[in-house]
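Secondary and tertiary structure notes
For reference, the chains in residue letters:
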There are 2 protein chains.
Amino acid sequence: MSQPQESLKVRHSDKSLVFADLTPEEYKSVRDYMWAQKELKISHSLLAKPSENYLFLIDLSLPKKADVLRYLDFNGSKPARYASVVVFYGERRYLKEYVVGPLPGPLLHHDVTKEKYNTTELPFTARTVTIGEYAQLFTLLNEVFQKLQDPLRESFGYIPKKRELLPFEGMPRGIKDGDRKTWISFFRDYSGMYIHPVGFEILINHESSNATNWTVDKLLYNGQYFNTINEFLTTYKAGRLKKITFKEIPNYASLKPKNKPSGLGPQQYYLQGKRYSVKNNQVIYLEWSFAFGLSSLTGMRVFDIRFRGERIAYELSVQEAMSVYGSITPGMILTKFLDSSIGIGRFAHELVRGIDCPYAATYVDTYRYIDTNVTQRFRNSICVFEHDIGRPLRRHFSDFFHNGFGGMANSALVFRTITAIGNYDYVWDFIFYQSGSVEARVHATGYITSSFKDDGNLKYGHQVAENVLGNIHTHFINFKVDLDILGVRNIFQTKDMVYEEVPLPWMPSEKAKIPQLVENQLKTEKEAALLHSAKTPRYLHIASDKTNRWGHNRSYRLQVVSFAGDHLPESESTEKSMSWARYKVAITKHKDNEQTSSSLYSQNYMWSPFVDFSKYIEDDEAIVNEDLVAWVTAGFLHIPHAEDIPNTVTVGNGGGVILRPHNYFDEDPSIHSPDGMYFSPG
Amino acid sequence: MSQPQESLKVRHSDKSLVFADLTPEEYKSVRDYMWAQKELKISHSLLAKPSENYLFLIDLSLPKKADVLRYLDFNGSKPARYASVVVFYGERRYLKEYVVGPLPGPLLHHDVTKEKYNTTELPFTARTVTIGEYAQLFTLLNEVFQKLQDPLRESFGYIPKKRELLPFEGMPRGIKDGDRKTWISFFRDYSGMYIHPVGFEILINHESSNATNWTVDKLLYNGQYFNTINEFLTTYKAGRLKKITFKEIPNYASLKPKNKPSGLGPQQYYLQGKRYSVKNNQVIYLEWSFAFGLSSLTGMRVFDIRFRGERIAYELSVQEAMSVYGSITPGMILTKFLDSSIGIGRFAHELVRGIDCPYAATYVDTYRYIDTNVTQRFRNSICVFEHDIGRPLRRHFSDFFHNGFGGMANSALVFRTITAIGNYDYVWDFIFYQSGSVEARVHATGYITSSFKDDGNLKYGHQVAENVLGNIHTHFINFKVDLDILGVRNIFQTKDMVYEEVPLPWMPSEKAKIPQLVENQLKTEKEAALLHSAKTPRYLHIASDKTNRWGHNRSYRLQVVSFAGDHLPESESTEKSMSWARYKVAITKHKDNEQTSSSLYSQNYMWSPFVDFSKYIEDDEAIVNEDLVAWVTAGFLHIPHAEDIPNTVTVGNGGGVILRPHNYFDEDPSIHSPDGMYFSPG
Ligand SMILES: [Ca+2]
Ligand SMILES: [Ca+2]
Ligand SMILES: [Ca+2]
Ligand SMILES: [Ca+2]
Ligand SMILES: [Cu+2]
Ligand SMILES: [Cu+2]
């Protein structure tokens, strides 16, 4: 019963494979090729040290849009497949990016660092911390703990190998280019450690590629700073500080239900077989079709979104998830997380049936090669399902003049991944409605991060457990929305209302203020960069100059749903690394080399980022009859409260954008849906 | 299998009946009592003329809150039941309101007009148009049509009894107190007439209680105005106007599906019996309980909302649905609909299984007495169901330090009515989540209203069909949210963020801008009246002075979800009748005589309304440790587009408010849910 309906399967096309993630075989052949380049001297070790050369990432290199369109629309040849490869050269203290291909081979590699980032080599400290570097950091921490065993035991119940202290890093790692000085705060050895801070933090300088040069530069104990381990030890032993005394506490972070399961909630079933089909990386659902993929860095993305065979969007993708925290503690005071620098898609783990997605959903495996030495399979890490939204898509009841009822349930297709990046879990949804709308939605759940309730910290949040402060923070999420409305040549229109005083036509002596439609076209990138702080027209449209039957520009409207806090002031030195968050919506002219709004290097080189989104706009290009891309930012301000313990709930904690047809069609396409129902009396 | 679980049923209490709508027997006994009052001379006719005395409405008179609380919380006696009765005195040209009771009798009536409206009698033209008045209006229209038969046939295909022209009224009915001059525009005799305007409108003066005095004051034909029927006829016959020629067109307003049903969408089932129970007017759902009712005027409402036995809110209710239109045509240029003046709950019709609500939902009948002479039963007009929202309520996955997964599906209870008020259908939802949140949501669907595409009308919307303009309009919805957080004495708090520059504690020479929490208490009604146009703090809380375990005020947060357009300028003469719409949120001190934000008389007496919400605030009372009521306005700007044909879809067309616990509990209560799940490896 839960098989796709046969009629759907025949509609699949292999052309979607042009967007497909690399296969396990492709990852392997690229890895082996890179390893075989003797002059690159790439380590084969999973735990390669920072001083070694490390193949950090292999991911699909997206083909150029023009090539893809030629292939999809004009029977052009299939664009060759290439991998994007990132190597961290510890021996040379720089980073490089390559394109390797064509797949399946014979392969060649081509250094694209200059082309992509306008620098021949990327600075070494711009790199993500690898598991090899973490291994060395843990070794260092163990040495520190050994020296501090007594205070750590007395204060936090530390027992090596038995009751550890778990680390959590603050970011950025310093205050200027080249810094790699990380504040690590420590948490109880519990599941859900993130809400068990103990009040102890240390600052580690790990700039050197040689771990023997790493140093502990500061310590914080119960609100008091120390310059060295010895200074802390001496003060502690002399009793010249306010000691924390270890106390056993129950694990309030536990997710174990406190009551026994007593019933089962409502479950959804497909009575007549699934109305969608997934083959390769393509989904067919009623009138919809799209290709999909999962970038290890930016997360889930879909391409070539078509409704009734007509392309609506070339790409809809997650770009970045960012948070800015407030705290008095050093581990969090500067913290600004840019998740794509560690990898959003990287953390798309197995989805749990019946909780993360319905039991009957279709689950898809993904394969990745990031911070590893072997391709990893992530079972059931994407789910696809049709869902009854639980509210009619449309309906009308009439009991006068003409009696009758017409309507339909709102069944929509959901495409989902969930990425658990440390403490937080983001639920990513692309939802395809039968009315021709697509929604991109993200909800946050998982653990908040927290800090010890030092004096003065209550300015930065609420206490949520004993000695624990839930720190105020923002969530900003960026989506790339490359709508192509009847081809790639589009314009950007806005619509809104204004009250205009007019005389009443049949009684001109009387005047009244009447709402009028105000339409506008924004013609350059700077005009179309809509700041959060500015009043934004209520309707934003990517439109074709072609008109529908009634003479209006065919368009899709972007309806942003956001409860965002304030963006970091532009005067801050780290702001350029997240300049996409200035704008609720920004429209740029499409460029293959402006693929993402953020980059792998933004987190650890925040002060001089290699991708500064605002630069895409700075040249203020014309956006009239050009290929337009909308970059949409949604989010919410999070003031943690007791109910964030143990986990933040998704209700109300999300944001996104709905892409809605607006004079794109001549009428609502759902009138053709097989779910439509009509009856009149007798 | 779809029976409620037995354990739920025993938790019901009959105390909810204090909020119950009147029963058929109660309606009848109140009607019969009123009819028996000879001196009132009330007509028994369903079609009572405006010149007669007419018992327009019988509805529950809500007991005073203090009496109810004594009854619910302190074993006080049960408040007596009273009916609220509205009589339109055609013979005396005024309106009066009574309270009739106690039920079941012996009954007495008491004139409350002065007490409620500060006037001994309400002006006659403030009344809703009754079906008796409509009957006379139709008679008049028929006479007019008879005179205009030739032009109407030639222009619009009018054939008496066979192909009629259907009327649609503009409101308000005039431009000043006492006016009852209604522009009626005409539409094709099709289902979904609202999007078939023909370009013909007439202005009828029906101020007199005697229909023989009614007059046709203006006519509009194809953009041209005429003072009299004869003037129009003469001009028409002489060919001195631009004629419209009748053309058969297909009914693009038809809701008949254009394709055959080919499949069935996903359906929800309760595998282990329903986890909610409905008895009398009470719903029990997991930790939730509430009483419910349906006011004929204001629509659905719930009372005594409790979570884990503790009252969260005394009342959550729909108050008003308002729209302001723009047009060049007289039938719509001034139009501002205030739905509670015709009755929102009045139009809560039967819900269609599988479309309006899931098949397996529980359906409840309601009974009403409005604009009738006999109690009417509305079968299955409320539905209650548990719904899988389709996205986890919370979840966390961890694969380092401690491996494990905990989470739960988001199953929530939905309480729903749908009101089809003429063209529009509003889907009203109150949603109860297992995390202790309650959401009030409205979505719009049904037909837009439209006007003929006269010259200059494109300033007011888009063309959506041949010669048809979909007129720009606003939707504003008002909810009453009487939260009682640990009793009735509450305060109003706001929270937000601000960036403050601070020195880094371990390196004071360096400064950074850090987000801080800003808390505020608003202490008077004027301070707490938050205009749409003003910057509103992001978090709004009704709080107790009692604190949770961590020392923070226990509170519920109001998260407003709105895409509203601009509110009518206050300078407009009709604005006072909708002054509630000025505010995103306004907080008032609870008063039994400030029961609603609008009134039955607001639509037809807009210029001097008998309820002007802004007056509730004008006395600027203190709101510190008082019983607070939040009045929340949500809505959206609607620029109709082709996809509104035939019906507006609900996706993106809604608004509402989420009531969220914020330090109300010591932790997320869903950790006690039977739906929680946890597993760790091995
Ligand atoms: Ca540019
Ligand atoms: Ca585009
Ligand atoms: Ca007041
Ligand atoms: Ca209250
Ligand atoms: Cu958060
Ligand atoms: Cu509308």
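Above this text sits the structure in question.
First, a word on what this report is: a plain description of the structure on this page. (Residues numbered from 1 in each chain as written. Chains lettered and ligands numbered in written order. Predicted model: local features only at pLDDT ≥ 70, side-chain atom pairs only at ≥ 80, totals over all residues. Heavy atoms only, no water.)

**A few points about the coordination of the calcium ion (ligand 4)**
Residues and elements named next belong to chain B. Every protein donor of the calcium ion (ligand 4) is listed here as Asp482 (OD), Leu483 (O), Asp484 (OD), Asp627 (OD) and Leu628 (O), and their distances to the metal cover 2.3 to 2.5 Å. Along the chain, the residues that donate to the calcium ion (ligand 4) are spaced as D-L-D-x142-D-L. Here Asp482 is found in strand 26 (residues 473-483), whereas its partner Asp627 is found in the loop between helix 9 (614-618) and strand 33 (628-638), with 145 residues between them in sequence. Comparing Asp482 with Asp627 shows no difference in burial state: the two are buried. (Donors = N, O, S within 2.8 Å, 3.2 Å for Na, K, Ca; no water. Helix = DSSP H or I, 4+ residues; strand = E, 2+ residues; numbered from the N terminus. Buried < 20%, exposed > 50% of the residue type's maximum accessible area, 1.4 Å probe, protein only.)

**Points about the side chain of B:Glu26**
Residue and element names in this part refer to chain B. Looking at the secondary structure, you find Glu26 in helix 2 (residues 24-36). For Glu26, a relative accessible area of 12% translates into the label buried. Reaching out from Glu26, the side chain makes a polar contact with the backbone nitrogen of Thr23 at a distance of 2.9 Å. With near-sequence residues (within four places) excluded, Glu26 lies in contact with Asp21, Arg81 and Leu103. (Polar contact = N/O pair within 3.5 Å; in protein donor to acceptor, adjacent residues only side chain to side chain. Contact = heavy atoms within 4.5 Å.)

**A short note on the state of the cysteines**
Residues and elements named next belong to chain A. In total, this model carries two disulfides over all chains according to the counting rule given. Across a sulfur-sulfur distance of 2.1 Å, Cys357 and Cys383 are joined as a disulfide pair. Disulfide Cys357-Cys383: the torsion about the S-S bond is -85°, which places it as left-handed. Of this pair, Cys357 sits in the loop between strand 17 (336-338) and strand 18 (362-370) while Cys383 is found in strand 19 (residues 376-400), placing the two residues 26 residues apart along the sequence. Judged by relative accessible area, Cys357 falls into the buried class, the value being 2%. For Cys383, a relative accessible area of 0% translates into the label buried. (Disulfide = S-S within 2.5 Å.)

**With respect to the interface of chain B and chain A**
At the interface, 171 residues of chain B touch 171 residues of chain A. Between chain B and chain A, roughly 14800 Å² of surface is buried when both sides are summed, and carbon and sulfur atoms account for 61% of that area. Joining chain B to chain A, the criterion identifies twelve salt bridges. With a shortest N-O distance of 2.7 Å, A:Arg395 and B:Asp356 are connected by a salt bridge. Taken together, the connections running from chain B to chain A amount to 80 residue pairs in polar contact (both at pLDDT 80 or more). Counting residues per element, the side of chain B that touches chain A draws most heavily on strand 19 (residues 376-400) of chain B, which supplies 15 residues. Grouping the amino acids of the side of chain B that touches chain A by side-chain chemistry returns 83 nonpolar, 52 polar and 36 charged. Pairing of strand 11 (residues 267-269) of chain A with strand 11 (residues 267-269) of chain B involves three bridges; the strand directions are antiparallel. Each residue of the ladder has a partner; that of A:Gln268, found in strand 11 of chain B, is B:Gln268. (Buried area = accessible area lost by both parts, 1.4 Å probe. Salt bridge = Lys/Arg side-chain N within 4 Å of Asp/Glu carboxyl O. Nonpolar A, V, L, I, M, F, W, Y, C, P; charged D, E, K, R; others polar. Pairing = 2+ DSSP bridges.)

**Digging into the coordination of the copper ion (ligand 6)**
For a metal bound by four donors in a tetrahedral arrangement, the ideal donor-metal-donor angle is 109.5 degrees, while six donors in an octahedral arrangement ideally sit at 90 or 180 degrees. All names here are of chain B. Taken together, Tyr424 (OH), His473 (NE2), His475 (NE2) and His638 (ND1) make up the full set of protein donors to the copper ion (ligand 6), lying 2.0 to 2.1 Å away. Relative to the metal, the four donor atoms surrounding the copper ion (ligand 6) lie at angles of 92 to 128°, and the coordination shape comes out tetrahedral. Positions of the donor residues of the copper ion (ligand 6), expressed as sequence spacing, correspond to Y-x48-H-x1-H-x162-H. With His475 in strand 26 and His638 in strand 33, this residue pair connects regions lying 163 residues apart in the sequence. His475 sits in the buried class, given a relative accessible area of 1%. (Tetrahedral: all angles 85-135°; square planar, octahedral: opposite > 155°, others 65-115°.)

**Considering the sheet that holds strand 9 (residues 215-221) of chain A**
All names here are of chain A. Sheet architecture is open: five strands sit in the order 6-7-8-9-10, paired in antiparallel fashion. At either end of the open sheet lies a strand with only one pairing partner, and these are strand 6 (165-169) and strand 10 (224-226). Across the sheet, the mean angle from the axis of one strand to that of its neighbour is 25°, orientation sign disregarded. Looking at chain direction, strand 8 (residues 197-205) and strand 9 are connected through six bridges and run antiparallel. If you follow Glu201 over to strand 9, its bridge partner there is Leu220. Together, strand 6, strand 7 (181-188), strand 8 and strand 9 form the strand contacts of helix 5 (residues 131-147), whose direction differs from that of strand 8 by roughly 115°. (Axes fitted to C-alpha atoms, helices over the stretch in contact; angles between N-to-C directions.)

**Brief notes about the relation of the copies chain B and chain A**
Mapping chain B onto chain A leaves a residual RMSD of 0.0 Å; the transformation is a rotation of 180° accompanied by 0.0 Å of translation along its axis. Both chain copies can therefore be described as sitting about a two-fold axis. Among all residues of chain B, the one whose C-alpha sits closest to the rotation axis is B:Gln268, at a distance of 2.1 Å. Comparing interface residues between copies, 100% of those in chain B also lie at the interface in chain A; the contact surface is shared. (Least-squares fit on C-alpha atoms with pLDDT ≥ 70 in both.)

**As for unusual backbone geometry**
Geometrically, the link from A:Met171 to A:Pro172 is a cis peptide bond, its omega value of 5° lying close to zero. Mapped onto the secondary structure, A:Pro172 falls in the loop between strand 6 and strand 7. For the bond running from B:Gly101 to B:Pro102, omega is -10°, close enough to zero to count as cis. In this structure, B:Pro102 sits in strand 3 (residues 94-103). The backbone of B:Asp620 sits at a positive phi, close to 50°, despite the residue not being glycine. By the secondary structure assignment, B:Asp620 is in the loop between helix 9 and strand 33. Within the chain, B:Asn663 stands out as a residue other than glycine whose phi angle is a positive 60°. Assignment of secondary structure puts B:Asn663 in the loop between strand 34 (654-662) and strand 35 (677-679).

**Concerning the environment of B:Val112**
Residue and element names in this part refer to chain B. Counting through the fold element by element, Val112 comes out in the loop between strand 4 (108-111) and helix 4 (113-117). Exposure remark for Val112: the relative accessible area of 5% places this residue in the buried category. The sequence separation of Val112 and Lys96 amounts to 16 residues, and the corresponding C-alpha distance is 7.8 Å. Excluding residues that lie within four positions of it along the chain, Val112 makes contacts with Glu97, Tyr98 and Val99.

**Notes on the packing of helix 6 (residues 149-156) of chain A against helix 7 (residues 229-237) of chain A**
Two measures define how a pair of helices packs: the angle their axes make with one another and the distance between the axes. All names here are of chain A. Relative orientation of the contacting elements helix 6 and helix 7 amounts to 55°, with a least axis distance of 10 Å. The orientation of helix 6 with respect to helix 7, classified from their angle, is oblique. In the crossing of helix 6 with helix 7, the sense of the turn from one axis to the other is left-handed. Along its contact with helix 6, which presents Pro151, Glu154 and Ser155, the element helix 7 presents Phe232, Leu233 and Tyr236. (Parallel < 35°, antiparallel > 145°, perpendicular 65-115°, else oblique. Left-handed = near helix turned anticlockwise from the far one by under 90°.)

**Quick word on helix 5 of chain A**
With 17 residues, helix 5 of chain A should cover 24 Å at 1.5 Å per step; its first-to-last C-alpha distance of 24 Å lies within 8% of that length. Here the buried face of helix 5 of chain A lies against helix 6, strand 6, strand 7, strand 8, strand 9 and helix 7 of chain A. (Expected span 1.5 Å × (residues − 1).)

**Some words on the side chain of B:Thr648**
Its location among the elements puts B:Thr648 in the loop between strand 33 and strand 34. What B:Thr648 contacts, discounting residues up to four positions off in sequence, is A:Leu393, A:Arg394, B:Tyr424, B:Ala444, B:Thr445, B:Gly446, B:Ile448, B:His638 and B:Asn653.

**Topic: the nonpolar core**
The biggest cluster of nonpolar side chains holds 104 residues, and the ones touching the most others in it are A:Phe415, A:Trp428, A:Phe430, A:Phe432, A:Leu483, A:Phe492 and A:Leu558. If we ignore the near neighbours within four places in the chain, the residues touching A:Phe432 are A:Tyr285, A:Trp288, A:Phe290, A:Val302, A:Ile305, A:Ala412, A:Leu413, A:Phe415, A:Ser437 and A:Val438. (Core = buried A, V, L, I, M, F, W, Y, C linked by side-chain atoms within 4.5 Å.)

**Points about the pairing of strand 20 (residues 402-421) of chain A**
All names here are of chain A. Across the 20 residues of strand 20, 18 count as buried, placing the element largely inside the fold. Here strand 19 runs beside strand 20; their pairing, made up of 14 bridges, is antiparallel. Note on strand 20: the bridge partner recorded for His396 is Gly406. Relative to strand 35 (residues 677-679), strand 20 runs antiparallel, the two being bridged by three bridges. Its bridge partner being in strand 35, Phe405 is matched across the sheet by Phe679.

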